[in-house]
Amino acid sequence: MEIVRTIKIKNEQETEKFGLKLAKDLKAGDVLALIGDLGTGKTALTSYIAQGLGISQRVNSPTFTIVKEYHDGRLPLYHFDVYRIIDPEEMFNIGADEYFFGGGVCVIEWADLVEEVLPENTKYIYIEYGKKEGERIYKCTF
Ligand SMILES: Nc1ncnc2c1ncn2[C@@H]1O[C@H](COP(=O)(O)OP(=O)(O)OP(=O)(O)O)[C@@H](O)[C@H]1O
Ligand SMILES: [Mg+2]
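So, a few notes on the structure that sits alongside this text. The structure displayed is predicted, hence computed values, not measured ones.

Rules used in this analysis
- Residues numbered from 1 in each chain as written.
- Chains lettered and ligands numbered in written order.
- Predicted model: local features only at pLDDT ≥ 70, side-chain atom pairs only at ≥ 80, totals over all residues.
- Helix = DSSP H or I, 4+ residues; strand = E, 2+ residues; numbered from the N terminus.
- Rg over C-alpha atoms; globule rule 2.2 N^0.38 Å.
- Buried ≥ 20, exposed ≤ 12 C-beta atoms within 10 Å, placed from the backbone.
- Contact = placed C-beta atoms within 7 Å.
- Expected span 1.5 Å × (residues − 1).
- Arc of directions from axis to C-beta.
- Pairing = 2+ DSSP bridges.
- Axes fitted to C-alpha atoms, helices over the stretch in contact; angles between N-to-C directions.
- Near = placed C-beta within 6 Å.
- Nonpolar A, V, L, I, M, F, W, Y, C, P; charged D, E, K, R; others polar.

A look at the overall build of the protein
Point 1. For the protein, the helix and strand inventory stands at four helices and seven strands.
Point 2. Reading the protein from its N end, one meets helices and strands in the order β-α-β-α-β-β-α-α-β-β-β.
Point 3. In terms of C-alpha radius of gyration, the protein reaches 14 Å, essentially the compact-globule figure of 14 Å for 142 residues.
Point 4. Its C-alpha atoms give the protein principal-axis dimensions of roughly 40 × 30 × 30 Å.
Point 5. Here the protein holds 142 residues, and the buried ones make up 36% of them.
Point 6. By sequence separation, contacts in the protein at least 24 residues apart represent 68% of the contacts at least 6 residues apart.

Put into structure tokens, the structure is as follows:
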């Protein structure tokens, strides 16, 4: 996937700013793949995107289910955490296609584990730790 911009995030407030701004640009059918190590802030970024969509519910990791739905924002948000998926085909069993093409926005944590089943229009953000505490590097394909 071709990286078209690299953004240096200095602290969590900048993650918040990035997420709120990104949410404004999202449209129905968008699929956002978040790829990065434990604790790089995939859930944090998702929660700021949710906030930007006007979702008032608190977003946390969908621990017991692979996907959690939020319906009280400008667009429905389908928040996936596929960390526990062993076979990408499991995505079909949970009806992922209905989410991908379901008129909302999908945000997928650990998307590298299911990359082969993601739609062609998927937008990727690769998240890396920066040098200083709180720093993150976002590499985006959009
Ligand atoms: N710039 C930043 N952006 C996001 N989170 C940050 C940043 N700086 C520090 N943090 C902290 O890092 C932690 C990120 O945790 P979070 O659960 O969002 O990571 P994650 O990538 O979803 O982890 P997991 O792989 O377990 O799902 C939070 O405690 C958050 O406060
Ligand atoms: Mg997480």
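Focus on helix α1 (residues 12-25)
Point 1. In a regular helix each residue adds 1.5 Å, so 14 residues correspond to 20 Å; α1 covers 20 Å between its end C-alpha atoms and thus fits that length.
Point 2. By the burial criterion, the buried members of α1 are T15, F18, G19, L22 and A23. Projected down its long axis, α1 carries its buried residues within an arc of 135°, all on one side. Pointing more than 90 degrees away from the buried face of α1 are the exposed residues Q13, K21 and K24.

Concerning the sheet that holds strand β5 (residues 105-109)
Point 1. Ordered in space as β1-β7-β6-β2-β5-β4-β3, the seven strands form an open sheet in which the pairing is mixed. Looking along the sheet, the strands with just one partner apiece sit at the ends: β1 (5-9) and β3 (67-70). Between one strand axis and the next, the sheet turns by 20° as a mean value, whatever way the strands run.
Point 2. Across four bridges, the pairing between strand β2 (residues 31-36) and β5 is parallel. Looking at β5, one finds that L32 is bridged to V107.
Point 3. On the sheet, helix α2 (residues 42-52) packs against β2, β3, β4 (77-81), β5 and β6 (123-129) and is oriented at approximately 165° with respect to β5.

With respect to the pairing of β3
Point 1. Where β3 lies against β4, four bridges are found, and the strand directions are antiparallel. Within β4, the residue paired with Y70 across the bridge is L77.

Let's talk about the site of ligand 1
Point 1. By nearness alone, 16 residues border ligand 1, and T15, G41, K42, T43 and A44 come closest of all.
Point 2. Contributions of two or more residues to the shell around ligand 1 are made by α1 and α2.
Point 3. Among the elements that line the shell around ligand 1, the one with the most residues is α2, at three residues.
Point 4. For the shell around ligand 1, the residue count by class is three nonpolar, nine polar and four charged.

Things to note about α2
Point 1. A large share of α2 lies buried, amounting to eight of its eleven residues.
Point 2. Taken residue by residue, α2 has K42, L45, T46, S47, Y48, I49, A50 and G52 as its buried positions.
Point 3. Buried residues belonging to α2 abut α1, β2, β3, β4, β5 and β6.
Point 4. One or two steps after α2, the chain reaches G54, where phi turns positive at roughly 85°.

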